[in-house]
Structures are given as structure tokens and as C-alpha cells.
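Fold and contact review
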Amino acid sequence: MIKNIIDTIKAKRKILILTHNNPDPDTIASAFGLKNLLCRLLQKRCTIAYHGIIGRAENRELVKQCNIELYPSTMLDFSRYDGLIVVDTQPTAGNVYIPKGFFPDIVIDHHNFREHTKLAKVYDVRQDYGSTSSIIVEYYKSLSLEFDQNTATALFYGIRTDTVGAGRHNNRIDLTMMSQVLPHISLRKLSKIETPELPKYYFKNIKSALDNSQIYESLIFCNLNEVRNADLIAETSDFFLRMRDIKWAFVIGKVDNMAFFSLRCKQTKRKVGMIALSIVKGIGTGGGHMKSAGGQIPIDRNTSYSNIVDEIKKRLIRKIKVKVSEPKNI
Ligand SMILES: [Mn+2]
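The structure reproduced in this document is the subject of the present report. (Residues numbered from 1 in each chain as written. Predicted model: local features only at pLDDT ≥ 70, side-chain atom pairs only at ≥ 80, totals over all residues.)

1. Some remarks on the pairing of strand E1 (residues 14-18)
Among the 5 residues that make up E1, 4 are buried, leaving the element largely enclosed by the rest of the structure. Bridging between E1 and strand E2 (residues 45-50) involves 5 bridges; their strand directions are parallel. In the strand pairing of E2, Ile 15 is matched with Cys 46. Chirality of the crossover, the property in question, places the unit of E1, helix H2 (residues 25-42) and E2 among those that are right-handed. Taken together, the 4 bridges between E1 and strand E4 (residues 83-87) define a ladder with parallel strand orientation. Paired with Leu 16 across the two strands is Leu 84, which belongs to E4. (Buried ≥ 20, exposed ≤ 12 C-beta atoms within 10 Å, placed from the backbone. Helix = DSSP H or I, 4+ residues; strand = E, 2+ residues; numbered from the N terminus. Pairing = 2+ DSSP bridges. Right-handed = clockwise from strand over helix to strand, strands pointing away.)

Structure follows, in C-alpha cells:
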């Protein structure tokens, strides 16, 4: 697959690599790893761009420690690039900003395959992989390219956060890819990325999350209302999933005119990505993996945020079959 990517990129002059919106470590590391690969192999000029906010303190630290240059995509003129690559998402997934009239030449992802993606010149979508970073590591291996320290550290962290963390699944391929980059990483940088200082609003958010959550049997449902950035929503659901006797964590919040939610499950039996897809049917977009998923629902003139929360709660409770009773507080 990397051969096809290289053939497609060879003729291009300036390349833009897009992460998904509110980028997580996997999408950041994939973009960074791919950029360095194309720079070294083909001496290409690559720019990495994202939409939204890099919210999590860990993710900001990743960018800082590994020296990753990335720009808000709204600042860029897409027509100045003749090659467009999307990593860790797909054009119709609803979580990537691509201006009208543009379509990626190359799509590399590990989420549910979307038919529309076939319009790309090259697509490499591997649903059996726990992270896109694992795919990028495999490219390096198949080209016998060495890893520099920053690339290795970023890819290692990208794979780890998408696979090993609470509520995620991991598989053999991802572990193999982690072991490939491990000898080249900086432990000092990695530990700085894993335990950065946390801003005050992080703790304020925990306080409001505790006050605004309801427990329905094995489900914890939390409405954060207005949040500072979408990452806080995923962070909060990871946090709640650790509660004893809880199997499901659902957190919803609002950033500007968009409701974002995050769903986590302790078991792999239920395909959480499919559940996320089905509860947003007709009102938004969603998707994910075995144990973790998310989605977004636009808030427009016809729907208020609280209506969205009510509707999605109703659908979720029906879908995962918890009893509708008086909820308990923490
Ligand atoms: Mn990913």
C-alpha cells in the first residue's frame, strides 16, 4: 500500500496532511510519521493541519515534546496544495474539515469503512488495526526506514492511547508495532507527555461532571453542558468508566453550535461504534470501535441542545437496554 501512496505523491509539489477535528494522539502521530516519511523519501514539502482545538494537556505536551508543527486548517488556502491526505478518519465521517470542492487523494484510517472513501486515489482502511499509527509504523518497516526519536515517541504514544488505555481494545498487530518503535523512543519525553501539568479548568470540569451525572443501573450518563473543548468530553467518559459496577459511560457536552458525545463500554461484546452510529441516526454523525466511540450533532434553529440530550438519552437507554428508573446521583 505504501508503494501506491508513494507513486501518487511523487508527482505532487505541496502536500497537505489533515488530522481529524480536535485531534487525538493517534491522528497527530500518524500525520507526523507520514510527513517525516514523505520528507525523507521524496523530499516533499508537507504541512499538517487540524480543525478545532488540541484540548487535552497530554496532547499539547506531545506536540511540544516531539516538535510537531501543525496549523489550524481554517488558516490555510487548500488550493495552494496539490496533494491532500487524510489520516485517522474518512471524508464522510463527520469529524474532518474539508472545504467544498476538495477531496483527499489518499485516506489512511482504521475506523469503519465508508463507501465514499473509494473516491480517493488510494485508500488504506484497516478495521482490524487498533490505531492508524500502527499502519504508519508498518510503512516504515516495509521501506526499512529508521525511526528518529521524535517520530518513534509520537507513534508509540499514538498507538498506546488508542489501544491500551481504559475502555479501548488492543490486538497483536498493535503490540507488534509498539515493540518496533519502542527501542527508539525517548522515555524522558514520554513521561512528560503522560503526566503534564493540568490547567484549573480540568479540575473544574471534574467537579461539574460529578455534579451532573446520573446512574441508571450499569450506565453513567453525564451532561456537561457548555465545555471549553471537546476533548474534555472524552476525558470525562474515560474517567467515569473506571467506576465499579459501571459498564457504560456516556458523556455529552456542547462546544459552539455542536453537541459532542463520547461513549465507552467495559466489554468488547457490544460493538460500541455501531451503537454510536445508530443513536445519532438522522440527527448527526458518529462512529468508533469495539469499546469506545463518539459523535457529533449540530445544534441548529430547529433543535435546542437540551432536546438533543433528551433524545439521545432516550435512544441510548433503549439501545443498551438499561432499566428506565429514577436515576441515582454519585
Ligand atoms: Mn485512531
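From this point, things continue past the structure.
2. Focus on helix H4 (residues 132-142)
Counting buried residues in H4 gives 8 out of 11 residues, a clear majority hidden from the surface. Considered for burial, the residues of H4 that qualify are Thr 132, Ser 133, Ser 134, Ile 135, Ile 136, Val 137, Tyr 139 and Tyr 140.

3. Some points on the sheet that holds strand E6 (residues 122-125)
Across the sheet, which stays open at both edges, the 6 strands sit in the order E3-E2-E1-E4-E5-E6 with parallel pairing between neighbours. Edge positions in the sheet fall to strand E3 (71-72) and E6, since each has one partner strand and no second. Bridge count between E4 and strand E5 (residues 106-109): 3 bridges; the pairing is parallel. Each residue of the ladder has a partner; that of Val 87, found in E5, is Ile 108. Against the sheet, helix H1 (residues 2-10) touches E1, E4, E5 and E6, its axis set at about 150 degrees to E6. (Contact = placed C-beta atoms within 7 Å. Axes fitted to C-alpha atoms, helices over the stretch in contact; angles between N-to-C directions.)

4. Digging into the environment of Ile 6
On the secondary structure map, Ile 6 appears in helix H1. Ile 6 gets classed as partly exposed once you count the C-beta atoms within 10 Å, which come to 17. Setting aside chain neighbours within four positions, we find Ile 6 in contact with Leu 41 and Leu 42.

5. Quick word on the packing of H4 against helix H5 (residues 149-163)
Packing of H4 against H5 leaves a shortest axis separation of 8 Å and a crossing angle of 140 degrees. By the angle between their directions, the pair H4 and H5 is classed as oblique. Facing Ser 133, Ser 134, Ile 136 and Val 137 of H4, the residues of H5 in contact are Leu 155, Gly 158 and Ile 159. A breakdown of the residues in the contact of H4 with H5 according to their chemical character gives 4 nonpolar, 3 polar and no charged. (Parallel < 35°, antiparallel > 145°, perpendicular 65-115°, else oblique. Nonpolar A, V, L, I, M, F, W, Y, C, P; charged D, E, K, R; others polar.)

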